[in-house]
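What follows is the residue order along each chain.
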Amino acid sequence: MSLAGLLSQHYRRQEPWERGTFMTQPETRTLEVPGVVLHYDVRHNDTSPYPALLLAGSPMGATGFGTLAGHFTDRTVVTYDPRGAERSKRTDGALRTTTEEQADDLHRLILALGAGPVDVFGSSGGAVNALALVARHPEQVRTLVAHEPPSVEVLKDHDEAMAACEAIHETYLREGFGPAMAKFIAFVSHEGPLPAGFAGQPAPNPAGFGLPTEDDGRRDDALLGLNMISTPGYQHDFDALRAARTRIVIGVGAESATMIAGRAATAVAGRLGTAPVTFPGGHDGFVGGEYGRTGQPDAFAAILREVLTA
């Protein structure tokens, strides 16, 4: 599946009626935390012997996990919209969301669930946030599966990668959503180390990805505005992660291992002294119709189940 295609669909403005269909009807709850009211959904299985499973993305919200949640009806599954995304809009007007804030949101959400240690599947920025959570509160997470955290600070070409992130953010502030998103797609789809000067290359035409070419004037996009610098630039506490009682598994997509997030995931696993687990598909391998895209959700869920029960 094309990562560029998914991104162009996923990060355009989504309307409520465009969201994916959930396979199990969730109960929606809210949690007020500093700067935001978090919206989260609970699919109950009160007789399950397994810990609750929290599916966490960023900036992708609960919408993207509908199919994956349907593969785990034998346990309680929790999805949520992270700070600044979808239903969980910031209430304080802040133009930047830090990883520390995101990790604290997860901490407070798990406390609100009252479910004891949970299992967590973190995708993309959600994997970065979940790793930050485990470094601070390892007692809250039994097993963390962090799938392709885009932690570019661990890469050998981290200077060029961060320069690209800064260029994307600056493009967003200057020109708006479409041009910045096109530049982002070129960045995350690039295979192998970034060449010198990559950040300064012209952005592709947003129309080629089905993205808007007109600037709508908004500057509150969770990916391009709030998270673009803080999430990839976050520096993990690897000493705390290695010492944590939590079992940490790093996942890499079979089709995206040489792209920026896949390369970063492999490097994170190396810093933890573990081998990454390969998951079917790419960065988006678990989606099953959400945003009009389909990865390999059945095979992806089967590998995730094996990892969680190992």
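Higher on the page you've got the structure.
For clarity, every value in this text was computed on a predicted model and none was experimentally measured.

Turning to the overall build of the chain, a few remarks are in order. Counting its regular elements, the chain contains eleven helices and eight strands. Its C-alpha atoms give the chain a radius of gyration of 18 Å, near enough to 19 Å, the size a compact globule of 310 residues would have. Each of the 310 residues in the chain was classed as buried or not, and the buried ones make up 58%. Of all intrachain contacts in the chain linking residues separated by at least 6 positions in sequence, the fraction that spans at least 24 positions is 74%. Roughly 12,100 Å² of accessible area belongs to the chain as shown, and the carbon and sulfur atoms make up 51% of that amount. Both charge centroids of the chain, one from 26 positive and one from 37 negative side chains, sit 3 Å from each other.

This paragraph deals with the packing of aromatic side chains. Within the structure shown, the criterion is met by seven aromatic pairs. An angle of 85 degrees between the planes, with centres 5.7 Å apart, marks the rings of Phe-121 and Phe-300 as edge-to-face. Highlighted residues: Phe-121 in strand 5 (residues 118-123) and Phe-300 in helix 11 (residues 297-309), separated in sequence by 179 residues. For the pair Phe-121 and Phe-300, a shared accessibility class is recorded, and that class is buried. Pairing Phe-279 with Phe-300 gives two aromatic rings, centres 4.7 Å apart and planes at 35 degrees, and the pair type is tilted. Pair noted here: Phe-279 is in strand 8 (residues 277-279) and Phe-300 is in helix 11, with a separation of 21 residues, a long-range link. Taken together, the aromatic side chains of Phe-65, Phe-121, Phe-279, Phe-286 and Phe-300 make up a single cluster linked through ring pairs.

Buried together is how nonpolar side chains tend to be arranged in soluble globular proteins. Formed by 41 residues in total, the largest nonpolar core has its most connected members in Tyr-40, Leu-144, Leu-241, Ile-248 and Ile-250. Counting residues per element, this core draws most heavily on helix 4 (residues 125-136), at eight residues. If we skip the residues at most four places from it in the chain, Ile-248 touches Leu-131, Val-134, Leu-144, Leu-241 and Leu-272. Within the second largest apolar cluster, 26 residues are counted, among which are Tyr-172, Phe-177, Ala-199 and Leu-224.

For the structure shown, the criterion picks out 16 salt bridges. Note that Arg-90 and Glu-101 form a salt bridge whose closest N and O atoms lie 3.1 Å from each other. You can see Arg-90 sitting in the loop between strand 4 (77-81) and helix 3 (99-113) and its partner Glu-101 sitting in helix 3, a full eleven residues away along the chain. Residue classification places Arg-90 among the buried residues on the basis of a relative accessible area of 14%. Assessed through its relative accessible area of 25%, Glu-101 is described here as partly exposed. Within this structure, Arg-83, Arg-90, Asp-92, Glu-101 and Asp-105 form a network of salt bridges that share partners.

This part is about the sheet that holds strand 1 (residues 27-33). Strands pair in a sheet through their backbones, by hydrogen bonds, and they do so in one of two ways: parallel or antiparallel. If you trace the eight strands from one edge of the open sheet to the other, you get 1-2-4-3-5-6-7-8, paired in mixed fashion. Lying at the two open borders of the sheet, with one neighbouring strand each, are strand 1 and strand 8. Taken pair by pair, the neighbouring strands of this sheet meet at an average axis angle of 25 degrees, ignoring direction. Relative to strand 2 (residues 36-43), strand 1 runs antiparallel, the two sharing seven bridges. Its bridge partner lying in strand 2, Glu-32 is registered against Val-37. Of the strands in this sheet, strand 3 (53-56), strand 5, strand 6 (141-147) and strand 7 (247-253) are in contact with helix 4, which crosses strand 6 at around 150 degrees.

So, about the environment of Gly-262. Tracing the backbone through its elements, the reader meets Gly-262 in helix 10 (residues 260-272). Separated by 196 residues in sequence, Gly-262 and Gly-66 have C-alpha atoms that sit 23 Å apart. Once residues lying within four places of it in the same chain are set aside, the contact partners of Gly-262 are Glu-148, Val-252, Ser-256 and Ala-257.

A few words now on the environment of Leu-54. By the secondary structure assignment, Leu-54 is in strand 3. Separated by 52 residues in the primary sequence, Leu-54 and Leu-106 have C-alpha atoms spaced 9.4 Å apart. If we skip the residues at most four places from it in the chain, Leu-54 touches Val-78, Leu-106, Leu-109, Ile-110, Asp-119, Val-120 and Phe-121.

To continue, consider the pairing of strand 6. Counting buried positions along strand 6 gives six out of seven residues, so the element sits mostly inside the fold. Judged from the six bridges that link them, strand 5 and strand 6 form a sheet pairing that is parallel. For Gly-122, the partnering residue across the bridge sits in strand 6 and is Ala-146. Across five bridges, the pairing between strand 6 and strand 7 is parallel. Residue pairing across strands places Thr-143 opposite Arg-247, the latter belonging to strand 7.

With that settled, consider helix 6 (residues 177-189). An ideal rise of 1.5 Å per residue puts 18 Å on 13 residues; helix 6 measures up with 18 Å between its terminal C-alpha atoms. For helix 6, a buried count of eleven out of 13 residues is recorded, marking the element as mostly surrounded by other parts of the structure. The complete set of buried residues in helix 6 reads Phe-177, Gly-178, Pro-179, Ala-180, Met-181, Ala-182, Lys-183, Phe-184, Ile-185, Phe-187 and Val-188.

Quick notes on the rules
- Residues numbered from 1 in each chain as written.
- Predicted model: local features only at pLDDT ≥ 70, side-chain atom pairs only at ≥ 80, totals over all residues.
- Heavy atoms only, no water.
- Helix = DSSP H or I, 4+ residues; strand = E, 2+ residues; numbered from the N terminus.
- Rg over C-alpha atoms; globule rule 2.2 N^0.38 Å.
- Buried < 20%, exposed > 50% of the residue type's maximum accessible area, 1.4 Å probe, protein only.
- Contact = heavy atoms within 4.5 Å.
- Areas by Shrake-Rupley, 256 points an atom, 1.4 Å probe, with all protein chains shown as cover.
- Lys, Arg positive; Asp, Glu negative; His and termini not counted.
- Charge placed at Lys NZ, Arg CZ, Asp CG, Glu CD.
- Phe/Tyr/Trp six-rings, centres within 6.5 Å; stacked < 30°, edge-to-face > 60°.
- Core = buried A, V, L, I, M, F, W, Y, C linked by side-chain atoms within 4.5 Å.
- Salt bridge = Lys/Arg side-chain N within 4 Å of Asp/Glu carboxyl O.
- Pairing = 2+ DSSP bridges.
- Axes fitted to C-alpha atoms, helices over the stretch in contact; angles between N-to-C directions.
- Expected span 1.5 Å × (residues − 1).

That's the geometry; what it means functionally is another story.
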